[in-house]
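Tertiary structure, described
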Amino acid sequence: ARQRAGTMTTPLRDLIRRVRECKTAAEERAVVAKESAHLRDSFKKEDVANRHRNIAKLMYLHMLGYPTHFGQMECLKLIARPSFAEKRIGYLGLMALLDEKQEILMLVTNSIQQDLKGKNQYTMGLALCALGNICSAEMARDLVVDVKKLMKSSMIYLKKKSAICAVRLVQKAPE
């Protein structure tokens, strides 16, 4: 497989191509096991430059039905980054790889709260979308005040997102 110059990571497109070229389930498992090992190694080395690419590959492996629990913390690290592109992949990974029953969600509450109070409406929208999809009852109680404030926003985009999120919060924590 072709490697990108200067990096140890395989592009997502090449991973997809290698998986599709597999003739047997055993061959596919071998490709996935090798890529999972590369991803674990990259996460251990704190490869910040390729973290968002690695989470995209992790989500692909998750869609194929393979275990991806080892990358959950990496999603949280991406959400904490200042770049919108990294936050977008981080929140997408969070919604795909986690559900409301995961203990790790306790760690994401603060990041979501910071993004809800941010200046960028699209980052705020990502946080609202993620909160609506994966919130626990405790998260709903912790963040309801911030969501209420956004419902009064002058931006229609944020009003819509926060209203949809509020419905989910009320379902999770009716009080």
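Residues numbered from 1 in each chain as written. Predicted model: local features only at pLDDT ≥ 70, side-chain atom pairs only at ≥ 80, totals over all residues. Heavy atoms only, no water.

**Describing the nonpolar core**
In this structure, Tyr91, Leu94, Val108, Ile112, Leu116, Leu131 and Val147 are the most contacted members of the largest nonpolar core, which totals 28 residues. Mapped onto this core, the elements with two or more residues apiece are helix H4 (72–79), helix H5 (84–97), helix H6 (105–116), helix H7 (121–134), helix H8 (137–151) and helix H9 (156–172). Top element by residues in this core is H7. It accounts for seven residues. The contact partners of valine 108, leaving out residues within four places of it in the chain, are Leu76, Ile79, Leu94 and Met139. If you look at the next biggest cluster of nonpolar residues, it comprises 18 residues, including Val19, Val31, Leu39 and Phe43. (Core = buried A, V, L, I, M, F, W, Y, C linked by side-chain atoms within 4.5 Å. Buried < 20%, exposed > 50% of the residue type's maximum accessible area, 1.4 Å probe, protein only. Helix = DSSP H or I, 4+ residues; strand = E, 2+ residues; numbered from the N terminus. Contact = heavy atoms within 4.5 Å.)

**What to know about the packing of helix H3 (residues 51–63) against H5**
Axis separation between H3 and H5 bottoms out at 10 Å; the angle between their running directions is 25°. Accordingly, the angle class assigned to the pair H3 and H5 is roughly parallel. At the point where H3 passes H5, the crossing takes the left-handed sense. Residues His52, Ile55, Ala56, Leu58, Met59 and His62 of H3 form the contact with H5, whose participating residues are Glu86, Ile89, Leu92, Gly93, Ala96 and Leu97. Taken together, the residues of the contact of H3 with H5 sort by class into eight nonpolar, three polar and one charged. (Axes fitted to C-alpha atoms, helices over the stretch in contact; angles between N-to-C directions. Parallel < 35°, antiparallel > 145°, perpendicular 65-115°, else oblique. Left-handed = near helix turned anticlockwise from the far one by under 90°. Nonpolar A, V, L, I, M, F, W, Y, C, P; charged D, E, K, R; others polar.)

**Side note on the environment of isoleucine 16**
Tracing the backbone through its elements, the reader meets isoleucine 16 in helix H1 (residues 12–21). Between the alpha carbons of isoleucine 16 and alanine 37 there is a distance of 16 Å; along the sequence they are 21 residues apart.

**A word on the confidence of the model for the chain**
For the chain, the average pLDDT comes to 88, and 94% of its residues sit at 70 or higher. Ranking the helices and strands of the chain by mean pLDDT puts H1 first, with 94, and H6 last, with 89. Contacts for the low-pLDDT stretch residues 1–7, under 50 throughout, to residues beyond four places or in other chains number 11 contacts. (pLDDT = per-residue confidence, 0-100.)

**As for unusual backbone geometry**
Located in the positive-phi region is glutamate 46, a residue other than glycine, with phi close to 55°. Structurally, the position occupied by glutamate 46 is in the loop between helix H2 (25–44) and H3.

**Comments concerning the pattern of salt bridges**
Overall, the coordinates contain 12 salt bridges when judged by the stated rule. Two residues, glutamate 86 and arginine 81, come together in a salt bridge whose shortest N-O distance is 3.3 Å. Classification of glutamate 86 by relative accessible area gives buried; the value is 11%. The partly exposed category is assigned to arginine 81, whose relative accessible area is 30%. A salt bridge links arginine 141 to glutamate 175; its shortest N-O distance comes to 2.8 Å. With arginine 141 in helix H8 and glutamate 175 in the segment after H9, this residue pair connects regions lying 34 residues apart in the sequence. Residue classification places arginine 141 among the partly exposed residues on the basis of a relative accessible area of 45%. Among the residues examined, glutamate 175 registers a relative accessible area of 67% and is labelled exposed. Several salt bridges share partner residues, and in doing so they unite Glu46, Arg51, Glu74 and Lys77 into one network. (Salt bridge = Lys/Arg side-chain N within 4 Å of Asp/Glu carboxyl O.)

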